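Per-entry structural report
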Amino acid sequence: MTAVSEAATSSAMRTREATVRRFAVTDMVFRAATRASAILVLVLLGGVAISLIAGSWEALSKFGFSFLTTESWNPVTENFGALAPIYGTIVTSAIAILIAVPIGIGIAVFLTELCPRPLRRPIGIAVELLAGIPSIIYGIWGLFVFAPFLQTTIQPFIISIFHGIPGLSSLFAGPPYGIGLLTSSLILAIMVLPFITSITKDVFDTVPAVLKESAYGIGCTTWEVTRRVVIPYTRVGIMGGVMLGLGRALGETMAVTFVIGNAHRISASLFAPGTTISATIANEFTEADGALYTSSLVALGLILFIITFIILALARYMLLRIDSRTGA
Amino acid sequence: MSTAQSLHRSRKRKNAVMMALCIIAAGIGLAWLALILGALLYKGLSGVNLAVFTEMTPPPGDAGGLLNAIYGSIIMTIIGIVVGTPIGVLAGTYMAEYGRFSRLTTVVRFINDILLSAPSIIVGLFVYELMVRPMGHFSAIAGAVALSILVIPVVVRTTEDMLNLVPNALREAGTAIGAPRWVVIRSVAYRAALSGIVTGILLAIARISGETAPLLFTALNNQFWSSNLNAPMASLPATIFQFALSPYEEWQQLAWTGALIITLTVLGLSIFARSLTGRREDR
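Quick look at the structure, then. Just so you know, these numbers come straight off a predicted model, no measurement behind them. Just so you know, the residues in each chain are numbered from 1, in the order the chain's sequence is written. Lettering of chains starts at A and numbering of ligands starts at 1, both following the order in which they are written. Restriction of local features to residues with pLDDT of at least 70 applies here, the model being predicted, together with a cutoff of 80 or more for giving and counting side-chain atom pairs; totals for whole chains, interfaces and linings are based on all residues. Processing note: side-chain calculations cover all non-hydrogen atoms of the structure and skip hydrogens and water entirely.

So, the overall build of chain B
Here is the rule we go by: Helix and strand assignments come from DSSP, with helices taken as H or I runs of at least 4 residues and strands as E runs of at least 2, each series counted from the N terminus. Using C-alpha atoms as the atom set, the radius of gyration is obtained and then compared with a globule rule of 2.2 Å times the number of residues to the power 0.38. Buried, partly exposed and exposed residues are distinguished by accessible area as a fraction of the type maximum, computed with a 1.4 Å probe on protein chains only: under 20%, between the cut-offs, and over 50%, respectively. Contact criterion: two residues are considered in contact whenever any of their non-hydrogen atoms come within 4.5 Å of each other. To measure how exposed things are, a 1.4 Å probe is used in the Shrake-Rupley method; for residues, cover is taken only from the protein chains shown. Positive charges come from Lys and Arg, negative ones from Asp and Glu, while His and the chain ends are left out of the count. Note on charges: their place is set at NZ of Lys, CZ of Arg, CG of Asp or CD of Glu.
From N to C terminus, chain B includes eleven helices and zero strands. Starting at the N terminus, the α and β elements of chain B follow one another as α-α-α-α-α-α-α-α-α-α-α. By the compact-globule yardstick of 19 Å for 283 residues, chain B is too spread out, its C-alpha radius of gyration being 24 Å. By its C-alpha atoms, chain B is 75 × 75 × 35 Å across when sized along the principal axes. Within chain B, the proportion of its 283 residues that are buried is 54%. Of the contacts formed within chain B by residues at least 6 apart in sequence, a portion of 74% connects residues at least 24 apart. Surface accessibility of chain B: about 12300 Å² in total, with carbon and sulfur atoms responsible for 67%. Between the averaged position of the 20 positive side-chain charges in chain B and that of its 13 negative side-chain charges there is a distance of 16 Å.

Structure follows, in structure tokens:
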């Protein structure tokens, strides 16, 4: 009797030991798999950088630094310069941010201070749905609805207002094409608005209630509380949100491709067609014949990658700073 | 007294003006959403009929449908999700479970956040250099890989966030009854964070089903029916891009209809995804 039970116990011990050992091995394998996946994320970004550098090597070694400062883009003579797309990218993104930031902050103030509580979530979701709409939808809407509207109403009006005023008249010089730099900027502004709004709203929510209440307690109006307490407290976070929006605007492709006009030149007028880095790549990449043409387009991609990387890294750094403050 | 009163009045007035501007800003945001959706419904609905879902994309100036484009979009989205999701979930698991306090996690989180907002056209260029150039031709599988690269950061982010919300007491309870770590992760942490992780996957589907830029020079486009993963394949966004910029009225109508289909799919997915997490917050 006892011998049998002892044998049973020892065999149970053996299976238990085996199970524990098996568990340890599976755990190690699982851990290694998760770690490898995490490292893969790093490899991806490194791979992007390396492949872009390799792909653009031919163009960069031929044109050198002058690639950045040349306006000409001529596939026939194979002479390529990135100045016009860089100019278009920066101008459209900058105008988009100038328009989207005040509106985004306004919506965030509305949502945190003014909006009746039951409406907060639906309106917040509606604004965030703007972020979910694919960029090609903004493109087709911009081309068929928004650009004709601008062409027939707003642009002739602005041109006639500023006609004859030095500076402004060349900034808003006709003819009204509908498509062009300003139209792209407006579409971009709509697209980055939800990003700026949702981040601004999130950082507004991190302001301690005590701070706001003490300002209200000494008789401040809602605007004064926002201007003197909430915005100074969240300045870094708002900047992070703006940079994030800027990163989006710089790299946005499809919407801009529809409405920018794809013209490789730098015009003083905001109504003139232009091009951006991403629009140039989207429009010309599949049609590019010749290694140098393709390589120049990849070089444009590399420039865009470097610019957005820096902007996004700054954005994350600023958002991290506000995170660590609320965490403390 | 009168100066104090006028100061009070001017502050009140300033407040009213600024608050009115904020309400106008919110109005602008909502109005724009309504304008876009309205135009889509108005222009897209008139082209919705059975042929859209049963016929192939037509040659210029002919009637037809979007069947091959819808099929291509679904196939590449599915492959993109199937490839990207496991990698994303595993990476998120490492960051939240095994390496929560390691330096690798901090670096990966930073890089992942950058990948999350990196221009998708750059991903297209990357996959072109990685797959299309060595293979010598455009292919659906390259398109799917490009989409999966866009899936990974979304899933990593939500998985990590959701696992971090799981109370440690649950994990400790699992460990206390002798479960090894991966069993605790699988049966306790994943189960507790399931709705959040599913939300992340749904948002990833919503994001890639409308992506155009990474497909332009990976999967290219295809006017005909093709189920060959090693050949160019049509997709809804690429077809919309081609048809909308064409001078043919039938093509433009199909582009609007396709745009309506994509938008309804994407918005439906993101509202559904939000309702999943929203319910948990209320509880």
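Read on for the rest.
Here we look at the interface of chain A and chain B
The following threshold applies: Accessible surface is computed with a 1.4 Å probe, and the buried area is the amount of it that two parts give up when combined, taken over both parts together. The working definition used for a salt bridge is a side-chain nitrogen of Lys or Arg within 4 Å of a carboxyl oxygen of Asp or Glu.
On the chain B side, the residues contacting the 79 residues of chain A number 79 residues. Of the roughly 7300 Å² buried between chain A and chain B on both sides combined, carbon and sulfur atoms contribute 81%. Across the chain A-chain B interface, the total number found is two salt bridges. The partner of A:Arg316 in a salt bridge is B:Asp113, and the shortest N-O contact between them spans 3.9 Å.

With respect to the layout of surface pockets
Here is the rule: Lining residues are those with an atom within 4 Å of a point, where the points come from a 1 Å grid over the protein atoms alone and group into cavities, where a 1.4 Å probe fits but cannot get out, or pockets, open sets with protein on both sides within 12 Å along at least five of seven lines. Grid points are joined across faces, edges and corners, and a volume is the space filled by probe spheres set on the points. Amino acid classes used here: Ala, Val, Leu, Ile, Met, Phe, Trp, Tyr, Cys and Pro are nonpolar; Asp, Glu, Lys and Arg are charged; the rest, including Gly, are polar.
Computed from the structure, the second largest pocket encloses a volume of approximately 300 Å³. A:Ala282, A:Asn283, A:Thr286, A:Glu287, B:Leu216, B:Phe217, B:Leu220, B:Asn221, B:Ala238, B:Phe241, B:Gln242 and B:Leu245 are the residues that line the second largest pocket. Listed by contribution, the elements that provide at least two residues to the lining of the second largest pocket are helix H11 (277-284) of chain A together with helix H10 (236-244) of chain B. Counting residues per element, the lining of the second largest pocket draws most heavily on H10(B), which supplies three residues. Here the lining of the second largest pocket is built from residues that sort into seven nonpolar, four polar and one charged.

Thoughts on the side chain of B:Ser226
Residue and element names in this part refer to chain B. The cut-off we apply is this: We call two N or O atoms a polar contact when they sit within 3.5 Å, provided that within protein one can donate a hydrogen and the other can accept it, with sequence-adjacent residues counted only if both atoms are side-chain atoms.
Residue placement: serine 226 occurs in the loop between helix H9 (213-216) and H10. The exposure class assigned to serine 226 is buried, which follows from its relative accessible area of 11%. Only 3.3 Å separates the side chain of serine 226 from the backbone nitrogen of asparagine 228, close enough to count as a polar contact. The contacts of serine 226, once residues within four sequence positions are left out, are Tyr71, Ala231, Pro232 and Met233.

A look at helix H2 (residues 83-114) of chain A
Short version of the rule: By this rule the span expected of a helix is its residue count minus one, scaled by 1.5 Å.
Over its 32 residues, H2(A) runs 45 Å from end to end, which matches the ideal 46 Å to within 8%, given 1.5 Å per residue. H2(A) sits mainly inside the fold: 23 of its 32 residues count as buried.

Observations regarding the state of the cysteines
What makes a disulfide is a covalent bond joining the sulfur atoms belonging to two cysteines. For clarity, the cut-off: Disulfide: a pair of cysteine sulfur atoms within 2.5 Å of each other.
Counted under the stated rule, the structure contains zero disulfides over all chains. We note that A:Cys115 lacks a disulfide partner, and the nearest cysteine sulfur, in B:Cys22, lies 12 Å from it. On the basis of relative accessibility, which here comes to 4%, the residue A:Cys115 falls in the buried class.

Considerations on the environment of B:Leu33
Mapped onto the elements of the fold, B:Leu33 is located in helix H1 (residues 2-45). In this structure B:Leu33 comes out as buried when scored by relative accessible area, which is 8%. Excluding residues that lie within four positions of it along the chain, B:Leu33 makes contacts with A:Ala126, A:Leu129, A:Leu130 and A:Ile133.

Describing the packing of helix H8 (residues 222-233) of chain A against H1(B)
Formally: The axes used here are C-alpha line fits, helices contributing only the stretch in contact, and every angle between their N-to-C directions lies in the interval 0 to 180 degrees. Angles below 35 degrees are treated as roughly parallel, those above 145 as roughly antiparallel, those between 65 and 115 as roughly perpendicular, and all remaining angles as oblique.
In the contact formed by H8(A) and H1(B), the axes pass within 8 Å of each other and the chain directions differ by 75 degrees. Of the possible angle classes, the one that applies to H8(A) and H1(B) is roughly perpendicular. Every residue of H1(B) that contacts H8(A) at A:Thr222, A:Trp223 and A:Glu224 is listed here: B:Arg11, B:Lys14, B:Asn15, B:Met18 and B:Met19.

Regarding the pattern of salt bridges
Per the counting criterion, the structure on display carries ten salt bridges over all chains. When the shortest N-O distance is used, the salt bridge between B:Arg11 and A:Glu224 registers 2.7 Å. Of this pair, B:Arg11 sits in helix H1 while A:Glu224 sits in helix H8, each in a different chain. We classify A:Glu224 as buried; its relative accessible area is 18%. In this structure, the salt-bridge partner of B:Glu160 is B:Arg109, at a minimum N-O distance of 2.7 Å. One end of the pair, B:Glu160, is in helix H6 (residues 140-165); the other, B:Arg109, is in helix H4 (residues 103-117), with 51 residues separating them in the sequence. Owing to a relative accessible area of 31%, B:Arg109 belongs among the partly exposed residues under this scheme. Here the salt bridges share partners, and the residues they tie into one network are A:Arg316, B:Asp113, B:Arg157 and B:Asp161.

Scope: geometric values only; no functional claims are made or implied.
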